Structures are given as structure tokens and as C-alpha cells.
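# Per-entry structural report
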Amino acid sequence: MEAFTSATELAARIARGEVTAVDVTRDALHRVARANPSMNALLHVDAEGALAQAAAVDHARARGEALGPLAGVPVLLKDNLCQRGTPTTCASKILEGWIAPYDAHVVERLRAAGAVFLGKANMDEFAMGSSNENSAYGPVQNPWQSGRAPGGSSGGSAAGVAAGFAPLALGSDTGGSVRQPASFCGVVALKPTYGRVSRYGLIAFASSLDQIGPFARNVRDCARITQVISGLDGRDATSADLPVPDYEASLEKGVAGLRVGVVRDDLGEGCDPDVRNAILKAIETLRGLGCTLVDVTLPTARHAVSAYYIVAPAECSSNLARFDGMRFGPRLEKGDLTQTYGATRAQLFGPEVKRRIMLGTYVLSAGYYDAYYAKAQKARTLIAQDYARAFEQCDVVLSPTSPSVAFPLGAKTKNPLEMYLADIFTLPPSLAGLPAISVPAGHEQGLPIGMQLTAPAFCEERLFQVAHAYEQASPWKDMHPEVLG
Ligand code: GLN
């Protein structure tokens, strides 16, 4: 089996009996065993569990049962998603040794579809970061070039898919955490509309922004897994009661006549010239496919970084209050209860998590709430209104996913503000709750470049349609890192 066979192809071969799910899983585990020690993309590998799930698929086929759309397909789960009986750490020392007692909604859906869970993917601690360097268990190497960041916070999921561990992975995206690592690792990732996918069983970072999103090596695979995980779930009050369209059917619609909006400012000084040139070429490819290009503006998007880095820490300061050494994970006993809380949280949370909790507590405190938190929420509304106006003129908005290619590990760790600026293009859709996809759109300095497409709420099928048309007309889908040949 080749490392880079797609999920749809694998599922078809398994269904036809050309290969068994157990062989596919063994193969994937073999690649993980070979490359993971140097890449550090997975924090926990569940070989036994994966082989048992694969065997169940093979037995179901032998009995002539109908197979699910991902039957026998290996999937990686970001380590902030609960999988029953499996360690779930959020890459934090504060959850070391904690075993999830239940399945997240997306895990249930994937199980029902026949997917095989290989293991839990490394990430920035509690999904806070843009380079995976905030993991308490060490950074992930970018499979295209070691010494480079895989992006974050879902760096392990992105790197694992790029390196051929599995054709699919799930991550979570609060402000760019599936799209930016997808861009850095040369794979596809979707941040669905807020409410499209249930967050039940996703350990919360910033609940009004968090959304689970898939990684794949091509748009069709991304559409298929999105189909599986989307739809209403009563256990998440923000889960939307809206029908889920047939995403794969939208792929072949073509893009002739579709209006693509470009924010010219996004391609200005803040953007690395290699990224700018790649995106300009991608725009020409889309024009060649029959798209109409229109200039649009998002005047308030320039406030997105400031607004996000108030709203997200505010919500995290509240969500992370539950990690106190009493209910989950290890406890550092000290004097009285308050001292025990203090010691546990001071020693087991990493520096970025503590920075955010302090920032969040500050912006929510009496006297500062109106000046910071309420103001950031207003900026958020204005950004959503900017998009609404832009979508009167265009069907999707196009931008780079990240202003640069994968930066060297260590390049931004000393300056958190510089790290925050890596999210400049991914934050506006997040704050507006909109769906956005990152698709490979270039390759420079031996590293991939991603293009981001954003659509109106619940118009994921339009993103798949445009991304698929572009993918078929461009060479990037056939490029893979050499790490595993
Ligand atoms: N990089 C952003 C942050 O650090 C986004 C993270 C995310 O989407 N989970 O908060």
C-alpha cells in the first residue's frame, strides 16, 4: 500500500475486497513506528485498538454487512478530543494520565462510519499556539523540512496526514488551528461554520470560537469526513439544526461564473513575497477556470488580532478553571486546598496557558470588562458585518492562509505578539463564525503555501466546489514530503 493513497480510494479497495482493513492499518502503524520517533506527531499510538477496529470492519464485510463511508480508513485524533478508554492530555502536564471516559460526538460518528483510530495527535497545550511549540511533550517536526514548525495548534494532525501516517485527521480550530498547520504542511483542512459540527467531547478552549475541523490530502476526502461529522447533536447547545448537504456531490459542479472576492490589502506588505506570488498565480488559475475576480474590502478585519486575543483568553480563563488537580489529572498536594490548587496550576500549566489565563482574567475583571471584552465583542460584530457586505458582491473570499511559509522552530517563541500575528488571515472568519478552507496553492523554499477560501455561514459545499476545481487544475496535490518515500 502506498503511503499517500486517499481515504476514498482506501475505502473503495477495502469494500471491493482488494485489501483488508487490517493490512491497511498494519501498514499505517508501520509508517508511524518508523517516522513518529523523529517527528513527534503522535503522543499516543493505539496499535491494539486500531487493529481490533480494523478486524471488525473485515468481519463485517465477510458477513456481507453494508460498510460505512470510511470503513477501514485510518484517522488521527487531536489530543483534545475524547476517545473512550484512551489518554487525552491536550498536550498538557495537567491532564497527564487522564483517560477519557466517553467518546466525543465526532468520534461516535467516525466509529459508526467504520474509521480506525490510530492515535492521538500532538498539539499546542490546550490548543493555544501557532507552531506546536507550546506542547508540554515537545514540538512536532514539519515533514517537509525538519527544524521547521508544522504550524499550530493542530500541528500533529497536519504533519501526520502530510507524512502519510493516515489520510485523515481531526483537529480543532479556534482562530486558525486547522487551516494554518494545513498550509504549513501542504494538506487540506476545513474550519466548518460555527455550529455545523458538535463540540461535545472537545475539551474547550474558547467556546464561542472552537470548532472541530478535518485534515485530508485532497478536497474529496475532506468533503467525505466533513459529511460524516456534521449535523445536529442535542449535547451541544450551539449545534445547528440544519440539513447537511451532499458535499461530495458539490465537487463536480465547476466554478464557471463564480465570483471570487480578493482583499487586495491582504497581499500587501504584511505578506511574504513568495506567498503573495503563489496566491496571485492561484487567482489566475481560478480566472482561467471561469471565475470572476472582484475586489472586496473588510475594513474592520485589521482589528481581528486584537479582538481575538481578548475574546479567546477571556473564555479560556473561565474554561480552564476546572483544571485544579481535584477532578482530572495529577494533583500537587500542598498545605491547604488553596495552596494545592495554586501549586497544581502553577506547575502543571505551561507558560502560554498561564499568560492567557491571566490576560483573560484581567479583561473580564470589573472596571476593564467594558474597555476590553465588550469592545472586542463589538469589533467581532463589525467584522461579521464586513463579510456580509462582501458576500453581496462575491461568492467566496480568497486570501493567503498564512502570511509566510513554515517558519523555523524557535523563530517566534521569544515574542508572543509576533506569534499571534501568524493568525492574521485565519482570525477574521473565526470571529465571524464562517466556514473557511485551506488548500495547497504553491511551494517555495521547499515548503508548501496555502490559500484560504471563506464562504457565508453553512455554505461549506461552495468551499469544496472551488477548492476541488482549483486542486484539479494545479500540481500541488501530487507533491508529498520525502520523509517516507
Ligand atoms: N493560534 C491561535 C491561538 O493561539 C489559534 C489557536 C486555535 O485555533 N486553537 O489562539
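The text that follows walks through the structure, step by step, so that each part is easy to find. Every chain begins its residue count from 1, and numbering advances along the sequence as written. Residue-level local features of this predicted model are given only where pLDDT is at least 70; pairs of side-chain atoms are given and counted only at 80 or more, and the full residue set underlies all totals for whole chains, interfaces and linings. For the side-chain quantities, the full set of heavy atoms in the structure was used; hydrogens and water were omitted.

### Re the overall build of the protein chain
In terms of regular secondary structure, the protein chain is built from 15 helices and 11 strands. The globule rule is 2.2 Å times the number of residues to the power 0.38, and the radius of gyration it is compared with is taken over C-alpha atoms. Against the 2.2 N^0.38 benchmark of 23 Å for 485 residues, the protein chain shows a C-alpha radius of gyration of 21 Å, consistent with a compact globule. With respect to the principal axes defined by its C-alpha atoms, the protein chain has extents near 65 × 55 × 45 Å. Using a 1.4 Å probe on the protein chains alone, a residue whose accessible area is under 20% of its type maximum counts as buried, one over 50% counts as exposed, and one in between counts as partly exposed. Counting all 485 residues of the protein chain, 61% fall into the buried class. It only takes one pair of heavy atoms within 4.5 Å for two residues to be counted as in contact. Counted over contacts in the protein chain with a minimum sequence separation of 6, partners at least 24 positions apart contribute 75%. Note that accessible areas follow from Shrake-Rupley with a 1.4 Å probe, and for residues the cover is restricted to the protein chains shown. A total accessible area of about 17,400 Å² is found for the protein chain, and carbon and sulfur atoms account for 53% of it. A run of H or I in DSSP becomes a helix once it reaches four residues, and a run of E becomes a strand once it reaches two; helices and strands are each numbered from the N terminus.

### Observations regarding the packing of helix α9 (residues 304–319) against helix α11 (residues 351–364)
Comment: axis = line fitted to C-alpha atoms, over the contacting stretch for helices; angle = value between 0 and 180 degrees taken between N-to-C directions. Running from amino to carboxyl end, α9 crosses α11 at an angle of 100°, the nearest separation of the two axes being 7 Å. Of the possible angle classes, the one that applies to α9 and α11 is roughly perpendicular. On the side of α9, the interface is formed by Tyr309, Ile310, Pro313, Ala314, Cys316 and Ser317, while α11 contributes Arg356, Ile357, Leu359, Gly360, Thr361, Val363 and Leu364. Under this grouping Gly is polar, as are all residues other than the nonpolar Ala, Val, Leu, Ile, Met, Phe, Trp, Tyr, Cys and Pro and the charged Asp, Glu, Lys and Arg. Broken down by class, the residue content of the contact of α9 with α11 amounts to 9 nonpolar, 3 polar and 1 charged. Comment on the angle field: the value is read as roughly parallel under 35 degrees, roughly antiparallel over 145, roughly perpendicular from 65 to 115, and oblique elsewhere.

### A few points about the side chain of Glu352
Counting through the fold element by element, Glu352 comes out in helix α11. Take Glu352: its relative accessible area is 8%, and that puts it in the buried class. In protein, a polar contact requires one atom able to donate a hydrogen and another able to accept it; more generally it is a pair of N or O atoms within 3.5 Å, and residues adjacent in sequence count only if both atoms are side-chain atoms. Side chain to side chain, Glu352 and Arg356 meet in a polar contact 2.7 Å long. With residues up to four places along the chain from it excluded, the contact list for Glu352 reads Met128, Asn134, Pro416 and Tyr420.

### Some thoughts on the site of the ligand
Around the ligand, the structure places 15 residues, and the nearest of them are Thr174, Gly175, Ser177, Tyr308 and Arg356. Between a nitrogen atom of the ligand and a main-chain N or O atom of Ala127, the distance comes to 2.8 Å. Contact distances for the ligand include 2.7 Å between an oxygen atom and a backbone N or O atom of Thr174. Coverage of the ligand by the protein amounts to 100% of the 290 Å² it exposes when considered alone. Looking at the shell around the ligand, its residues break down into 5 nonpolar, 7 polar and 3 charged. The cutoff for a nearby residue is simple: one of its non-hydrogen atoms must lie within 4 Å of the molecule or strand.

### Section: the sheet that holds strand β7 (residues 259–262)
Taken in spatial order, the 11 strands of this open sheet run β1-β3-β2-β4-β6-β5-β10-β11-β9-β7-β8, and their pairing is mixed. Across the chains shown, the open sheet's two edge strands, defined by having one partner strand only, are β1 (42–45) and β8 (292–295). Each strand of the sheet is rotated relative to its neighbour by a mean of 30°, with strand direction disregarded. Pairing of strand β5 (residues 188–191) with strand β6 (residues 211–216), which is carried by 2 bridges, proceeds in the antiparallel orientation. Within β6, the residue paired with Val188 across the bridge is Ala216. Set on the sheet, helix α5 (residues 155–162) makes contact with β2 (74–78), β3 (116–121), β4 (168–173) and β6; between it and β4 the angle comes to about 155°. Of the strands in this sheet, β4, β5, β6 and β10 (436–444) touch helix α7 (residues 219–229), which is tilted by about 145° from β6. The pairing criterion is simple: DSSP has to find at least two bridges between the two strands.

The analysis is restricted to geometry; functional conclusions fall outside its scope.
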